[in-house]
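For reference, the chains in residue letters:
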Amino acid sequence: MGQHMLPGNPPIPLILRRSARARRISLRVSSLDGRVTLTLPARVAEDEALAFAAEKEAWLRRNLSRHAAPEVIDLGTRLPVEGVPRLICMGSTRRVRLDGDRLEVPDHRVGTRLAAWVRELARDRLTEACDRHARALGRPYNRLTLRDTRSRWGSCTADGALMFSWRLVMAPPRILDYVAAHEVAHLEEMNHSSAFWDVVTRLYGDHRPARRWLKSEGTVLHRYRFDG
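Figured I'd write up the structure that's included with this text. (Residues numbered from 1 in each chain as written. Predicted model: local features only at pLDDT ≥ 70, side-chain atom pairs only at ≥ 80, totals over all residues. Heavy atoms only, no water.)

1. Points about the side chain of R86
The criterion, for reference: Segments assigned H or I by DSSP are reported as helices when at least four residues long, segments assigned E as strands when at least two residues long, and all are numbered from the N terminus. The buried label goes to any residue with under 20% of its type's maximum accessible area, the exposed label to any with over 50%, and the partly exposed label to all in between, with areas taken from a 1.4 Å probe on protein chains only. Two residue types count as positive, namely Lys and Arg, and two as negative, namely Asp and Glu; His and chain ends fall outside the count. The working definition used for a salt bridge is a side-chain nitrogen of Lys or Arg within 4 Å of a carboxyl oxygen of Asp or Glu. Here a polar contact is recorded for every N or O atom pair within 3.5 Å, except that within protein the pair must consist of a potential hydrogen donor and a potential acceptor, and residues adjacent in sequence are included only if both atoms are side-chain atoms.
Tracing the backbone shows R86 in strand β7 (residues 84–90). For the buried R86, no salt bridge is present, and the opposite-charge side chain at shortest range is E82, 4.8 Å distant. At 3.2 Å, the side chain of R86 forms a polar contact with the backbone oxygen of V84.

Pasting the structure below:
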């Protein structure tokens, strides 16, 4: 239905969505990026929904204040790589180079260079982890793809195709390894039954700390913007 602005200082962008299944007007603040969605039942007028949002302005601003501002990747900022913040600076080589806590880029196309480098590193780390877990399980996967997903960290299809968010390589290695084990476990159990979690435990060990980390810290990985 488009986007509207809720007046104020600053104005709040609202994404209006009409739903045939909705029984009442609702507001949702995304835990990933702070986007606000105003959902309308089929026969509710837009003016009525916008008035509802205006009544909830204080609640909206409290929730939005909990979301950290986006971090635009550039020289002088820090980007977490495998859980460690790395200072981005100009380097003297033709490629991106990781040197301790420094991430050196060859030119001023910082976001473009680092986006490609992070994806390549993620593919290397996830391929290694998935190959290792698939061997332990005795079940091969068909292919591995990377995306910048917001709704899930990984997925596995019935035909053995694995998909992961490349942002996982920004998290500590144990977190990436857990998500790889989780999706590989679906090659044997396409569900989240107790049998599935037994497979995850067999491949990875105690998965509860990693799951807690993703729930409490995972959204921070979506702060980082590589598009300038």
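2. Overview of the sheet that holds strand β11 (residues 154–156)
Where we set the bar: Two strands pair under a simple rule: DSSP has to find at least two bridges between them. As a rule, the C-alpha atoms of each element are fitted with a line to give its axis, helices using only the stretch in contact, and angles between N-to-C directions run from 0 to 180 degrees. When checking whether two residues touch, look at their non-hydrogen atoms; a contact exists if any pair is within 4.5 Å.
Within the open sheet, the 3 strands sit side by side as β10-β12-β11. Their pairing is mixed. The open sheet has two edge strands, β10 (143–147) and β11, and neither has a second partner. Neighbour to neighbour, the strand axes of the sheet diverge by 15° on average, direction disregarded. Pairing between β10 and strand β12 (residues 161–165): 5 bridges, direction parallel. Considered in β12, the bridge of R147 is made with S165. The strands that helix α4 (residues 173–185) touches are β11 and β12; relative to β12, the one it contacts most, it runs at about 155°.

3. Regarding the sheet that holds strand β1 (residues 2–6)
Taken in spatial order, the 4 strands of this open sheet run β1-β2-β4-β3, and their pairing is mixed. Unpaired on one side and paired on the other, β1 and β3 (26–29) mark the two borders of the sheet. In this sheet, adjacent strand axes meet at a mean angle of 30° when their direction is disregarded. Where strand β2 (residues 12–19) and strand β4 (residues 36–41) come together, 6 bridges link them in parallel fashion. The residue bridging L16 from the neighbouring strand is L38, located in β4. Contacting β1, β2, β3 and β4, helix α1 (residues 46–55) runs over the sheet at an angle of about 135° to β4. Sheet strands touched by helix α2 (residues 57–64): β1, β2, β3 and β4. Its angle to β3, the strand with the most contacts, is close to 15°.

4. Digging into the nonpolar core
Rule in force here: To qualify as a nonpolar core, a set must consist of buried Ala, Val, Leu, Ile, Met, Phe, Trp, Tyr and Cys residues joined through side-chain atoms within 4.5 Å.
Grouped together as the largest cluster of nonpolar side chains are 51 residues, with contacts concentrated most on L79, L114, L126, F164 and F226. Elements that contribute at least two residues to this core include exactly β6 (78–81), β9 (102–105), α3 (110–137), β10, β12, α4, α5 (194–204) and α6 (208–217). When sequence neighbours within four positions are dropped, the list of residues in contact with L79 reads I73, V84, P85, R86, I88, L103, V118, M170, Y224 and F226. In this structure, I12, L16, V36 and L60 belong to the second largest nonpolar core, which totals 14 residues.

5. Thoughts on the packing of α3 against α5
Helix packing geometry: the angle between the two helix axes and the distance between the axes. Stated precisely, the cut-off is as follows: What sets the label is the angle itself: under 35 degrees gives roughly parallel, over 145 gives roughly antiparallel, 65 to 115 gives roughly perpendicular, and the rest give oblique. By definition, turning the near helix anticlockwise from the far helix through less than a right angle yields a left-handed crossing, and turning it clockwise yields a right-handed one. Throughout this entry, Asp, Glu, Lys and Arg are counted as charged residues, while Ala, Val, Leu, Ile, Met, Phe, Trp, Tyr, Cys and Pro are counted as nonpolar. The remaining residues, Gly among them, count as polar.
Packing of α3 against α5 leaves a shortest axis separation of 10 Å and a crossing angle of 115°. The angle between the axes of α3 and α5 places the two elements in the roughly perpendicular class. Two packed elements cross with a definite hand, and for α3 against α5 that hand is right-handed. Listed contacts from α5 to H133, A136 and L137 of α3 are V199, R202 and L203. Counted by class, the contact of α3 with α5 contains 4 nonpolar, 1 polar and 1 charged residues.

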